[in-house]
Amino acid sequence: MTSKRVILIDGDDASPEVMLPSLAILESLQLPIEFIKPLIGQEAMEQTGNFFPDATRDAIDASDATFFGSTSGASTAALFYLRWGKQTYANVRPCQWLPGYHSPLAHPENCDFVIIRENLEDLYLGIEGDLEELAGLNLTSRNARASLSSMAPGKFAIKAITERGTRRVVRYAFELARKRDKKKVTVTCKYNMLHVSDGYFRDIANEIALSYPDVEYNTFIIDDFLCRMITHPEDLGVVVMPNLYGDIMSDGAAGLIGGLGLAPSGCYGDDYAYFESAHGSAPDIAGKNIINPTATLLSAAMMLDYLEFPDAAQRIRRAVEQVYQQGEVLTPDQGGTGTTTEFCAAVSALL
């Protein structure tokens, strides 16, 4: 096997409590992976005066992937580099119910779909400011419903949808759909109101869909999609949408199967990827040893697939599934009394 290099970033608050035992599980598989833990966050600031030193950026550039813990601030610069610096444009968030998950749905059995969130554009560009700054531009359009000059004082944020960004993430969705049993792609955004921006996203997707006649394709306005996701999640295959909607809808999708503690994710570019659980750093339970490791372990499995270790990835998935089937050491968010340490030990024993 070809040796791989993986950057490990523990994250903040409760995140290291799941990252460290997850790393131990990965190392127990004895794969040809070198895990590298560079200076980052508060420790890096204390030693170098920089939260994200150049040496850490160089280590990421020289690696095959990054395994990232959730951040609440100190590691944010690294996260921004992993996203915009490495152009990881497709945020892939599986939503699959497993027996033993504490779902609020009466019948979650057929809940198995993937949300792909465009990861770099939309409102997440972070271009914001005072409305007064736009006054001199005299911005108008045929779809405008109010005059900016009459609204100040106030704030604005730029929503940008590009052809390049849309084409690559939509094609990613179709290619992923081709690999799944249910070959189906759904595009969703607010194209009925945001004709120019979201309508552009939808129109480009419509064009791309013509190149994939083997994949079923449909579109829904985002609010209609939300209703359908809750009432008929079994109808969904791969769902792709702009950044903000994807952030919100993927968290909602996690709620369908039992919560963010069960939600893995991977962020993919053309030549790099990083992997992290979809939940936050959980400062409210830091130090309590009860954070759910499931999302982190399943994110690790996604990483192993990306690094071309599919058998090891499947071993982790099967072990996690068996822990839930046995139901003896589930964490409190899943109705159990088990600790993070006990859950990881159970997974390790099954491996």
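Residues numbered from 1 in each chain as written. Predicted model: local features only at pLDDT ≥ 70, side-chain atom pairs only at ≥ 80, totals over all residues. Heavy atoms only, no water.

A. Molecular detail of the packing of helix 9 (residues 294–306) against helix 10 (residues 310–326). Two numbers describe how helix 9 lies on helix 10: the axes approach to 7 Å, and their chain directions differ by 160°. When the axis of helix 9 is compared with that of helix 10, the two are roughly antiparallel. Like other packed secondary-structure pairs, helix 9 and helix 10 cross with a definite hand, here left-handed. For the pair helix 9 and helix 10, the contacting residues are Thr-294, Leu-297, Leu-298, Ala-301, Met-302, Leu-304 and Asp-305 in the first and Pro-310, Ala-312, Ala-313, Ile-316, Arg-317, Val-320 and Tyr-324 in the second. Split by residue class, the contact of helix 9 with helix 10 holds 11 nonpolar, one polar and two charged. (Axes fitted to C-alpha atoms, helices over the stretch in contact; angles between N-to-C directions. Helix = DSSP H or I, 4+ residues; strand = E, 2+ residues; numbered from the N terminus. Parallel < 35°, antiparallel > 145°, perpendicular 65-115°, else oblique. Left-handed = near helix turned anticlockwise from the far one by under 90°. Contact = heavy atoms within 4.5 Å. Nonpolar A, V, L, I, M, F, W, Y, C, P; charged D, E, K, R; others polar.)

B. Representation of the sheet that holds strand 5 (residues 112–118). Across the sheet, which stays open at both edges, the 10 strands sit in the order 2-1-3-12-11-4-5-10-8-9 with mixed pairing between neighbours. Each of the sheet's edge strands pairs with one partner strand only, and the pair in question is strand 2 (33–36) and strand 9 (216–221). Direction aside, the axes of adjacent strands within the sheet are offset by 25° on average. In this structure, strand 1 (residues 4–9) lies alongside strand 2, joined through four bridges in parallel fashion. Counted as the bridge partner of Ile-7 is Ile-36 from strand 2. Sheet strands touched by helix 8 (residues 243–257): strand 4 (90–96), strand 5, strand 8 (184–189) and strand 10 (238–241). Its angle to strand 5, the strand with the most contacts, is close to 155°. (Pairing = 2+ DSSP bridges.)

C. Highlighting helix 7 (residues 222–231). Those residues of helix 7 lying buried are Ile-222, Phe-225 and Met-229. An end-on view of helix 7 places all buried positions within 50° of arc, on one side of the element. Close packing links the buried residues of helix 7 with strand 5, strand 8, strand 9, strand 10 and helix 8. (Buried < 20%, exposed > 50% of the residue type's maximum accessible area, 1.4 Å probe, protein only. Arc of directions from axis to C-beta.)

D. The packing of aromatic side chains, seen in detail. Tallied over the full model, the rule gives 12 aromatic pairs. Consider the rings of Tyr-268 and Tyr-306, whose centres lie 5.9 Å apart with planes at 70°: the pair is edge-to-face. Note that Tyr-268 is positioned in strand 11 (residues 266–268) and Tyr-306 in helix 9, a separation of 38 residues in sequence. Taking the relative accessible area as the measure of exposure, Tyr-306 reaches 28% and is therefore partly exposed. Ring centres 5.8 Å apart and planes at 50° place the aromatic pair Phe-275 and Tyr-306 in the tilted group. Here Phe-275, found in strand 12 (residues 273–275), pairs with Tyr-306, found in helix 9; they are 31 residues apart in sequence, far enough to count as distant. When its relative accessible area of 0% is taken as the criterion, Phe-275 is described as buried. (Phe/Tyr/Trp six-rings, centres within 6.5 Å; stacked < 30°, edge-to-face > 60°.)

E. Structural detail: the pattern of salt bridges. Counted under the stated rule, the structure contains 19 salt bridges. Arg-57 is paired through a salt bridge with Asp-54; the nearest N and O atoms lie 3.0 Å apart. Placement of the pair is Arg-57 and Asp-54 together in helix 3 (residues 54–61), with a separation of three residues, close to one helical turn. Relative accessible area serves as the criterion here: at 26%, Arg-57 is assigned to the partly exposed category. Notably, a salt bridge pairs Asp-251 with Arg-93, separated by 3.2 Å at the nearest N-O pair. Pair noted here: Asp-251 is in helix 8 and Arg-93 is in strand 4, with a separation of 158 residues, a long-range link. Since its relative accessible area comes to 31%, Asp-251 is described here as partly exposed. (Salt bridge = Lys/Arg side-chain N within 4 Å of Asp/Glu carboxyl O.)

F. Spotlight on the pairing of strand 3 (residues 65–68). Burial along strand 3 is two-sided: the face carrying Ala-65 and Phe-67 and the face carrying Thr-66 and Phe-68 are both buried. For strand 1 and strand 3, the ladder comprises four bridges, and the chain directions are parallel. Bridge pairing in strand 3 places Leu-8 opposite Phe-67.

G. Just a nonpolar patch on the surface, in detail. A surface patch of nonpolar side chains, about 220 Å² in accessible area, is lined by Leu-125, Ile-127 and Ile-158. On the accessibility criterion, Ile-127 (44% relative accessible area) is partly exposed. (Patch = residues over 30% accessible without salt bridge, like charges linked within 9 Å, V, L, I, M, F, W, Y side chains within 5 Å. Areas by Shrake-Rupley, 256 points an atom, 1.4 Å probe, with all protein chains shown as cover.)

H. Just unusual backbone geometry, in detail. The phi torsion at Asp-13 lies on the positive side, around 55°, for a residue other than glycine. Looking at the secondary structure, you find Asp-13 in the loop between strand 1 and helix 1 (15–28). The phi torsion at Gln-30 lies on the positive side, around 55°, for a residue other than glycine. The topology assignment puts Gln-30 in the loop between helix 1 and strand 2.

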